[in-house]
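The residues making up each chain are set out below.
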Amino acid sequence: GCFLFLSLWMVVSPPTVRIVHSGQACNVEEERYSERVYTIKEGETLELQCLVTGHPRPQIRWTKTAGGASDRESSLHNETLRIENINRHQGGRYYCKAENGLGSPAIRSIRVDVYYLDDPVITIHQSVGEAKEQFYFERTVFLRCVANSNPPVHYTWRRGREVLSQGSDSGVEIYEPFFTQGETKILKLKNLRPQDYADYTCFSSVRNVCGIEDKSAHFTLSNRTAPPSIKLLLDDPLVVNPGETITLVCVASGGEPHPSLKWMRPDGQQLPKRSVVKGGTLTIPAVAIDDGGVYSCVGSNNVGNPAKKTTTILVRGLRKGRFWITPDPYHNDDNIQIGREVKISCQVEATPPEELQFSWLKNGRPLRSSERMVITHTDTDVSPGTTNLDIIDLKFTDFGTYTCVASLRNGGTPEISIDVNISSTTVPPELTIPRGRSHLITQEGDTVDLQCLVSGKPKPIILWSRVEESGVAAAAAATALMPDGSIQTESYDGILRISNVTREMSGTYRCQTSQYNGFNVKPREALIQLVVQFPPAVEPVHTEIRQALGRAFSLTCRLLRAHPARLLRYEWKLGTRLLTVGQFSDQRDDTNYHVRALNREGYGEYTCDITNEAGAGRCTFLVTGKAYPPEFYYDTYSALWQNRPRVYGFKLQWTQMEPNAVDRILAYRLGIRQMGQSRWWEQEIPMEGTIQKGELLTYNLTELIKPESYLVRLTPITRYGEGDSTERIITYSGRLSREFQCGFEDEALCLFSQDKNDVFDWTRHSAATRDTKYTPNTGPSSDHTGSKQGFYMYIETSRPRLEGDTARLLSPTFNSKSSPVSNNPTYCFAFYYHMYGKHIGETLNIFLRQKGQAVTDTLVWSLTGNQGDRWCQAKVNIHPTTAFQMVIEGVRGSGIEGDIAIDDVTIEEGECKDPPPNNLRSLAPPSSPHIWQHCITLILALIGQQR
């Protein structure tokens, strides 16, 4: 069966957090004052767990900071941070943050150091210095060994089998450049000798940390050792036609050891996707225009500097043919007129530019340059290339079709032909906006066409752009971009189509003629105003409101933006029932609906629609009487207990979130299901009276089968019906049932309670809150662990306390594991105490309270007087025969300077271990022969421990 007791502790506690590791660490250093450093080998699995306390249950978030504070690399909302196959870049500081809205968030950090050792690389350099006096060359060779590692690497050099160390050979110097990490790196062979031609080995070591083995590299130095040289077997530049297959060949022409070859493009560009590299040969099949550019071959053999040779690929082709007509530049007139000059220009981009050639036709026949028809070309160096046909004195017979033809000298690509008509109908362009289309009103999401009618012959390309709005805001804004993100858009038919219009596209658009494919005259332009209407944006879009019957409340719907923002209407409904309608005044940007006293029909979905010409925005309020979910309390001390061999019990504790928001909670529905099974057991837990916010509710689950886990679900019930449920999993862990411990760190005091029949109370205290002004010589300056923030229980002896006043603290009730067959079990009751002060006539008493047919209190330990400014530990064996409690009694002495504190209370199965060397026996006064026999065996351990 299950039994219930409700206790009136108010439980809300800010979070605490600590980090534990369960991965493949090679070392975890506990740095006392800063933080922990967790060392792991690259490729192993990192697993860190964040253990939290706090109520309500804190949210956990793992973050990593790499370099700067703003450089948040990753974030994970989970207790366990697990990184498989960790790499060196994932080292750094990891933070676990727990917050539940109370106090400051709790944050702990751990530094993860990833250890690795890469293969070393030996590089060779030589300096050739000429001595002025003697006529010989001194050759000095440097062997440099480098390996990336963490921690810094230690290097050892060997020549053949001989280990080289500084001073072991006068012709060899070993040194480390000051700007690099690590140890010995460079071997300097001065004025090369025959014995220096040998096999060299560099060993790199991180001294086997994390089991990382040493690595080595070899190099054979001979009189043939030389830096690389390479050559390209191809033309530069290489000019090719599109579609051809090209092969770039690079060969090593020198170098020992034999150099390796690699092709690359500048600035990290990739080689073309289709390309194939085989040794020093790069093949590009079906070359395209985009494949043109610079290609480099690099040869390296770790001796001297790499060799590099570069070539350029030019893919032949013609692009972007355009023309324009320029009327007589000497007359201020845009029209073509008989007897005046007119110039036709043609422009094309060519690769390679020097192969570009133009020819002109008139009505299909070749045209040669003459006095009246002057043909000129721009210099071939200039790209794009342009050709001009100047008709000096236009005659009626000159009317016709002129064609300019662009081609490449060596063929291989199609020509580009451009036809230009010169006649009496060749007139400069004019732009107009169709009637009624210069001010367009559209709605968000629609498709709209902006249209400019262009007349004239030939019809030029039209350029669309946005016009900056004048004023301060425009000056601050960047150039307004077109809907496709560009600064301007070309159109051949004069229409700009904008699909799925957004409010950001409102504004002024300019259409203007370009000089291309038309007249080279001052651009014609026209403006179109686009207004995008959008329905009201409102808040809250959706919100839930929990209310008790009979209460008054208000709903508010706020307008954020709308266009147009005038003539706005609102309409409130409950379900389909209309409540009220109205119009917004210019001053208001919200509308309210008041409920004076909520009745059952008043529950449901309230909506408020705010409308303009473009549509409506809706606020939705779900008004419900559902209770909020309960919040399980995870920090119960000794939650598990065990009365019989095969079953266990669990103390389930919770608080109710916002109990006063809705009607009184009448009961909880408790559901319990064994993990791995589908059947739920349900029962109701009735509630008497009103639950307070933060009140800790307790229900004991019994008859749970070892070692099964259970899913528990709690649902609050009010007269409205069921509220929101909460679930948690209960797991059996054998460890917890053997020991009770309490350091008084949370306000629930691990279910310790004050005796109602004493004179005054014990108070929970920490050194950080101690007042030393009045009684500087009493009370501990920290809890027993040395923490100023840690808590302990304390009796204050200053006024109004009188000599002989008592304060009693009661432990929770424990079930003794005695049975009719076995002897009574032994428990060890241990605690730390602090008794200090010159007036301390105080006494600290410990009683065993047994709850059999009658309640009996037996004194099992007692101490009086000043014990010095230190925490001491006491241990005492107890032999309860029934359910029992421990009673801790403080008795006030003769003056105000002398206080008693206790901390870190434990009750453990079995005899007390490690009794101190000078055992003081403490005999309780016999209250009956039965108790007396037990008292003979009591041990009092006083371990003075100066902290």
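- By the naming in an unreviewed UniProt entry, the protein goes by MAM domain containing glycosylphosphatidylinositol anchor 2a and is assigned to Oreochromis niloticus.

## Examining the overall build of the protein
Then comes step 1: The secondary structure content of the protein amounts to two helices and 75 strands.
Then comes step 2: Counting only residues that meet the buried cut, the protein has 45% of its 947 residues in that class.
Then comes step 3: Of the contacts made within the protein by residues no fewer than 6 positions apart, 70% connect residues no fewer than 24 positions apart.
Then comes step 4: Surface accessibility of the protein: about 48,800 Å² in total, with carbon and sulfur atoms responsible for 49%.

## Description of the confidence of the model for the protein
Close inspection of predicted coordinates is inappropriate for parts of the model with low pLDDT.
Then comes step 1: Taken as a whole, the protein shows an average pLDDT of 83; of its residues, 86% reach a score of 70 or greater.
Then comes step 2: Helix 2 (residues 929-936) is the least confidently modelled element of the protein, averaging 26 in pLDDT, while strand 59 (residues 710-718) averages 97, the highest of any element.
Then comes step 3: Overall, residues 67-73 carries pLDDT values under 50, and its contacts beyond four positions in sequence, including any with other chains, amount to eight contacts.
Then comes step 4: The model gives residues 130-136 a pLDDT under 50, and that stretch makes two contacts with residues more than four places away or in other chains.

## Considerations on the nonpolar core
Then comes step 1: Within the largest apolar cluster, 35 residues are counted, with the highest numbers of intra-cluster contacts made by Trp762, Phe829, Phe831, Tyr833, Leu844 and Ile902.
Then comes step 2: Per-element accounting of this core gives the leading share, five residues, to strand 67 (residues 827-836).
Then comes step 3: Residues Phe323, Phe399, Cys404 and Val420 belong to the second largest nonpolar core, which totals 29 residues.

## As for the state of the cysteines
Then comes step 1: Applying the stated criterion to the full structure yields seven disulfides.
Then comes step 2: The disulfide partner of cysteine 452 is cysteine 511, and the S-S distance across this bridge is 1.7 Å. As the torsion about the S-S bond is roughly -75 degrees, the cysteine 452-cysteine 511 disulfide counts as left-handed. Of the two residues, cysteine 452 is situated in the loop between strand 38 (448-451) and strand 39 (453-457) and cysteine 511 in strand 43 (residues 507-513); the sequence distance between them amounts to 59 residues.
Then comes step 3: Judged by relative accessible area, cysteine 452 falls into the buried class, the value being 1%.

## Regarding the environment of valine 501
Then comes step 1: Relative to the elements of secondary structure, valine 501 occurs in the loop between strand 42 (495-498) and strand 43.
Then comes step 2: Sequence separation between valine 501 and aspartate 446 is 55 residues, and the spatial gap between their C-alpha atoms is 5.6 Å.
Then comes step 3: Residues in contact with valine 501, not counting those within four places in the same chain, are Thr442, Gln443, Glu444, Gly445, Asp446, Val448 and Val532.

## Digging into the sheet that holds strand 15 (residues 162-164)
Then comes step 1: Here four strands make up an open sheet; going across it, the order is 15-14-18-19 and the pairing antiparallel. In this open sheet, the two edge strands, each paired with only one partner strand, are strand 15 and strand 19 (215-220). Each strand of the sheet is rotated relative to its neighbour by a mean of 30 degrees, with strand direction disregarded.
Then comes step 2: Relative to strand 19, strand 18 (residues 199-205) runs antiparallel, the two being bridged by six bridges. When the bridges of strand 19 are listed, cysteine 202 appears paired with alanine 217.

## Notes on the sheet that holds strand 5 (residues 46-55)
Then comes step 1: What the three strands build is an open sheet, ordered 2-5-8; its pairing is antiparallel. Strands at the two margins of the open sheet, each flanked by one partner only, are strand 2 (13-21) and strand 8 (80-83). On average, each strand axis in the sheet is inclined to that of its neighbour by 15 degrees, with strand direction left out of account.
Then comes step 2: Pairing geometry for strand 2 and strand 5, over seven bridges, is antiparallel. Among the inter-strand pairings, isoleucine 19 is bridged to a residue of strand 5, identified as cysteine 50.

## So, the packing of aromatic side chains
Then comes step 1: This structure, assessed with the given rule, holds 17 aromatic pairs.
Then comes step 2: A centroid spacing of 4.7 Å and a plane angle of 55 degrees characterise the contact between tyrosine 648 and tyrosine 732, whose relative ring orientation is tilted. Within this pair, whereas tyrosine 648 is found in strand 55 (residues 647-656), its partner tyrosine 732 is found in the loop between strand 61 (726-730) and strand 62 (739-742), the two being separated by 84 residues in sequence. The same class applies to tyrosine 648 as to tyrosine 732, namely buried.
Then comes step 3: With a centroid separation of 6.0 Å and an interplanar angle of 70 degrees, the aromatic rings of tyrosine 792 and tyrosine 794 are classed as edge-to-face. Neither tyrosine 792 nor tyrosine 794 differs from the other in exposure class; each is buried.
Then comes step 4: Aromatic ring contacts, followed pair by pair, group Trp572, Tyr593, Tyr606 and Phe621 into a single cluster.
Then comes step 5: Positioned above the aromatic ring of tyrosine 116 is the side chain of arginine 88, whose terminal nitrogen or guanidinium carbon lies 3.7 Å from the ring centre.

## A word on the side chain of glutamate 631
Then comes step 1: Turning to its location among the elements, glutamate 631 is positioned in strand 53 (residues 630-632).
Then comes step 2: Not counting residues within four places of it along the chain, the set of residues in contact with glutamate 631 comprises His55, Pro56, Trp654, Thr655 and Met657.

## As for the side chain of lysine 362
Then comes step 1: Take lysine 362: it is sitting in strand 30 (residues 356-362).
Then comes step 2: No salt bridge is formed by the buried lysine 362, whose closest oppositely charged neighbour, aspartate 398, lies at an N-O distance of 4.3 Å.
Then comes step 3: If near-sequence neighbours (up to four positions away) are discounted, lysine 362 is found in contact with Leu367, Thr397, Asp398, Phe399, Thr401 and Tyr402.

## Here we look at the pairing of strand 59
Then comes step 1: Within strand 59, eight of the nine residues are buried, which leaves it mostly tucked inside the rest of the structure.
Then comes step 2: Strand direction decides the pairing type here: strand 56 (residues 667-674) and strand 59, joined by eight bridges, are antiparallel. Residue pairing for strand 59: glutamine 674 is matched across the bridge by tyrosine 710.
Then comes step 3: The sheet contact formed by strand 59 and strand 61 spans five bridges and is antiparallel. The residue bridging leucine 711 from the neighbouring strand is isoleucine 729, located in strand 61.
Then comes step 4: The sheet contact formed by strand 59 and strand 60 (residues 721-722) spans two bridges and is antiparallel. By the bridge assignment for strand 60, threonine 718 is matched with glycine 721.
Then comes step 5: Between strand 59 and strand 60, which pair antiparallel in sequence order, lie two residues.

## Quick look at the pattern of salt bridges
Between side chains of opposite charge, a pair can form as their charged atoms come close.
Then comes step 1: All chains considered together, the criterion is met by 42 salt bridges.
Then comes step 2: Note that glutamate 658 and lysine 693 form a salt bridge whose closest N and O atoms lie 3.2 Å from each other. You can see glutamate 658 sitting in the loop between strand 55 and strand 56 and its partner lysine 693 sitting in the loop between strand 57 (681-686) and strand 58 (695-705), a full 35 residues away along the chain.
Then comes step 3: Notably, a salt bridge pairs arginine 808 with glutamate 889, separated by 2.9 Å at the nearest N-O pair. On the criterion of sequence distance, the pair formed by arginine 808 in strand 66 (residues 806-810) and glutamate 889 in strand 71 (residues 884-891) is long-range, its members being 81 residues apart. Like arginine 808, the residue glutamate 889 is buried in the burial classification.
Then comes step 4: Among the charged side chains, a network of salt bridges with common partners joins Arg159, Glu162, Asp169, Arg193 and Asp196.

## Examining unusual backbone geometry
Then comes step 1: Going from glutamate 539 to proline 540, the amide bond is cis rather than trans, its omega being 0 degrees.
Then comes step 2: Mapping proline 540 onto the fold places it in the loop between strand 45 (525-539) and strand 46 (542-546).
Then comes step 3: The phi angle at asparagine 363 is positive, at roughly 50 degrees, despite the residue not being glycine.
Then comes step 4: By the secondary structure assignment, asparagine 363 is in the loop between strand 30 and strand 31 (365-367).
Then comes step 5: Overall, asparagine 363 belongs to the partly exposed group, its relative accessible area being 47%.
Then comes step 6: Its identity is not glycine, yet leucine 567 carries a phi of approximately 55 degrees, on the positive side.
Then comes step 7: Mapping leucine 567 onto the fold places it in the loop between strand 47 (553-563) and strand 48 (569-574).

## Digging into the environment of glycine 868
Then comes step 1: Checked against the element boundaries, glycine 868 lands in the loop between strand 69 (855-864) and strand 70 (871-878).
Then comes step 2: On the accessibility criterion, glycine 868 (22% relative accessible area) is partly exposed.
Then comes step 3: Among residues more than four places away in sequence, those in contact with glycine 868 are Met835 and Tyr836.

How each quantity is defined
Residues numbered from 1 in each chain as written. Predicted model: local features only at pLDDT ≥ 70, side-chain atom pairs only at ≥ 80, totals over all residues. Heavy atoms only, no water. Helix = DSSP H or I, 4+ residues; strand = E, 2+ residues; numbered from the N terminus. Buried < 20%, exposed > 50% of the residue type's maximum accessible area, 1.4 Å probe, protein only. Contact = heavy atoms within 4.5 Å. Areas by Shrake-Rupley, 256 points an atom, 1.4 Å probe, with all protein chains shown as cover. pLDDT = per-residue confidence, 0-100. Core = buried A, V, L, I, M, F, W, Y, C linked by side-chain atoms within 4.5 Å. Disulfide = S-S within 2.5 Å. Pairing = 2+ DSSP bridges. Axes fitted to C-alpha atoms, helices over the stretch in contact; angles between N-to-C directions. Phe/Tyr/Trp six-rings, centres within 6.5 Å; stacked < 30°, edge-to-face > 60°. Lys NZ or Arg CZ within 6 Å of the ring centre and 35° of its normal. Lys, Arg positive; Asp, Glu negative; His and termini not counted. Salt bridge = Lys/Arg side-chain N within 4 Å of Asp/Glu carboxyl O.

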